[in-house]
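Chain and residue survey
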Amino acid sequence: MGLLSDPNRRRALISLLTRLNAPICVVCYMAGVAWFMGLAFEPFTLRTYMSENAMGSTMVEERFPAGERALATGREFAAHKKKAGGMPVDWLVKTMQSHGLEVFTQRFSRTLPFPDENKERYMVKGTNVYGILRAPRASRTEALVLSAPCTPGDNNNQAVGLLLGLAQYFRSQVFWAKDIIFLVNEHDLIGMQAWLEGYHHTNTTGMDWSPLQGRGGSIQAALSLELSSDVITSLDLVLEGLNGQLPNLDLVNLFYAFCQKIGVLCTTQGKLQRNDWDSVSGYSHAVQTMMLMVMKQASGRSWGDHGLFLRYHIEAATIKGINSFRQYKTDITTIGRLMEGMYRKLNNLLERLHQSYFFYLMPSLSHFVSIGYYMPAFGLLAVILLLRALDLWVQLTAPPPRTEDGVVDPEQMSSPGVLSVLTPLVISHLTGVALYTLPIRFQEMAVEHFPVSETEAVVLTAIAVYTAGLALPHNTNRLLSGGGTEQGWKVLKLVAVLYLAVLLGCTALINFSLGFILAITLVPVAAFVTPHVPKFLSAFVMIVLSPACTLLFSVFFFQELQEMPISFLDGWMLYLSVISQGILDHCLYGSLVYPLIALLVYPCWLIFWNILFWK
């Protein structure tokens, strides 16, 4: 404290920080990137362990025997689905009732703001079917959920068959202390959203659905099952939920523990765990796995039906069966035993999962990176903004320099007007509001005047508004009489730098992956842009590091991580699809990435763009 309370020492410290500001910023940026890349190195990670005592042992005897019967049920379900042209509601109700469940249905409908060309739907109508196995040994105040989506074609029929087989087997057991809800939802996330809203008496998305006639207790945990083959080679655990939410790490540990016990190959991000962590290829594999998780989490979308449970504080994950070229095979009976073991352990819970981590990254299923390990990487980037703000503050409060004649430069003495700072702030955020609202509102007008579909109209309008924002400096200069001052752009940059620091900090606390990716691209722009740097080169760099180009590069990078490289034309089409899906996810499920980019990140970038062309 003496260093800061002593005026002389404080002045010396501030002088040192301002004199070495640029080198310190460069070192912090490189250290932050290096710290993040080092997180995948196994000695720097923690080994997973079970924190919840009620699930600390896998000493249960799994006896599920009906794998072949489940496959036969799945084939029967596929036949009825093909005959009905969709969800075979009557057959599902009859089958669940024959297994001794209390069966209910829920109808729902939703009109999309614009057609979803990926799944070729606009007016969505469907029915959810669910059966409740009442707990015979408790007061029925708590519940577990096992779901399987009814998807078009031949996908996921085996999952529905296994769900019905588990329902029949669980009905014969007497040790259940929680209600178990077996749910078959139609239209994937839309159907799941309707069921969850009906179960919790909420309607946050404006969807039409019929009230649920039957309920269980408070849902403690949920698993979504996706199987599309009679025999699989591995089980992949999908964790990323809406807005980057993750389930409690103990749910991951439970899955991994039973896979190890039963002898099932398990993966995360589709990547098997490797033991040669000390080799270059082993480290590269861990980085690839971790970066896939970062990219998925940063997207803010739900990568499985489980993702919508997380917003209701229900720990959930999706278990996806993969049938690849590997020679190792696992049958449905083994997967049924795995699910039985997990639900018997979840049945022992005395309270919600809370003792383990909610914020983590996973380079493999056996190791994780906690929030205390990865946050310093973001902190090193965020401190750059604070150092630049300190440097600007010192420049603004320092006495103006004098000429050789002892006369103060009048330009340095002139203080910036409120209008010169407020105008670019207002115009930037109005542009962001236009980017957020106009694409959907103007789709009908665009379709009438141009030969494009509704989805193309939404995406192209968003790109047009985004590009029009580049004219911000010209519009600002027209509104400002006499141009800006030297002090004016410094005040504006000080406000923008602090604004960006708060924005990135809040984003990283909610969704670390998104906050870190934005920091990697926006911090260099915020740190070094001034009106005195070369305009053409700096403008090119700023455009490359803008939010739109960051998204474009992320699309290609994600495909490379998945080992599925694509051409530039295919990548561009995928880029346009990602934009439309981001807007749809916001309208349908409440994803926050699109409004965050449009209303906050993009206007903040526009402020720095205005500083570059300051007159």
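The protein chain has the name GPI-anchor transamidase component GPAA1 in an unreviewed UniProt entry, where Pogonophryne albipinna is given as its organism. Regarding the protein chain, the relevant UniProt record gives this comment under Subunit (unreviewed entry): "Heteropentamer. Part of the GPI-anchor transamidase complex, consisting of PIGK, PIGT, PIGS, PIGU and GAA1. Interacts with PIGK." If you open the UniProt record of the protein chain and go to Function (unreviewed entry), you find "Component of the glycosylphosphatidylinositol-anchor (GPI-anchor) transamidase (GPI-T) complex that catalyzes the formation of the linkage between a proprotein and a GPI-anchor and participates in GPI anchored protein biosynthesis. Binds GPI-anchor."

What about the nonpolar core?
In this structure, Phe-36, Trp-195, Phe-309 and Phe-608 are the most contacted members of the largest nonpolar core, which totals 117 residues. Counting residues per element, this core draws most heavily on helix α22 (residues 593-612), at 15 residues. Counting the residues that make up this core, at least three belong to each of domain 1 (10-39 + 373-399 + 429-613) and domain 2 (61-365). Apart from residues no more than four positions distant in its own chain, Trp-195 is found in contact with Gln-106, Asn-128, Tyr-130, Val-145, Ile-181, Leu-183, Leu-212, Ile-219 and Phe-309. Judged by nonpolar contacts, the second largest core, of 71 residues, contains Ala-70, Val-129, Ala-159 and Val-252.

So, the domain arrangement of the protein chain
For the protein chain, the assigned domains read domain 1 (10-39 + 373-399 + 429-613) and domain 2 (61-365). With centres defined by C-alpha atoms, the gap from domain 1 to domain 2 works out at 36 Å. Tallying the contact residues gives 38 residues for domain 1 and 38 residues for domain 2. Both sides together, the interface formed by domain 1 and domain 2 hides about 3,200 Å², and carbon and sulfur atoms give 63% of it. The three residues of domain 1 that bury the most area against domain 2 are Leu-561, Leu-588 and Tyr-589, which together make up 22% of that side's buried surface. Applying the counting rule to domain 1 against domain 2 returns one salt bridge. The salt bridge involving Glu-563 is made with Lys-271; its shortest N-O contact spans 3.5 Å. Scanning the region where domain 1 abuts domain 2 turns up nine residue pairs in polar contact (both at pLDDT 80 or more). For the side of domain 1 that touches domain 2, the secondary structure elements donating two or more residues are α3 (21-38), α15 (454-468), α17 (486-510), α18 (512-528), α20 (547-561) and α21 (568-589).

Things to note about the side chain of Ser-370
Its place among the elements puts Ser-370 in strand β12 (residues 367-370). On the basis of relative accessibility, which here comes to 5%, the residue Ser-370 falls in the buried class.

The rules behind these values
Residues numbered from 1 in each chain as written. Predicted model: local features only at pLDDT ≥ 70, side-chain atom pairs only at ≥ 80, totals over all residues. Heavy atoms only, no water. UniProt positions renumbered as here; feature names shortened; annotations may be inferred. Core = buried A, V, L, I, M, F, W, Y, C linked by side-chain atoms within 4.5 Å. Buried < 20%, exposed > 50% of the residue type's maximum accessible area, 1.4 Å probe, protein only. Helix = DSSP H or I, 4+ residues; strand = E, 2+ residues; numbered from the N terminus. Domains from an automatic or database assignment. Contact = heavy atoms within 4.5 Å. Buried area = accessible area lost by both parts, 1.4 Å probe. Salt bridge = Lys/Arg side-chain N within 4 Å of Asp/Glu carboxyl O. Polar contact = N/O pair within 3.5 Å; in protein donor to acceptor, adjacent residues only side chain to side chain.

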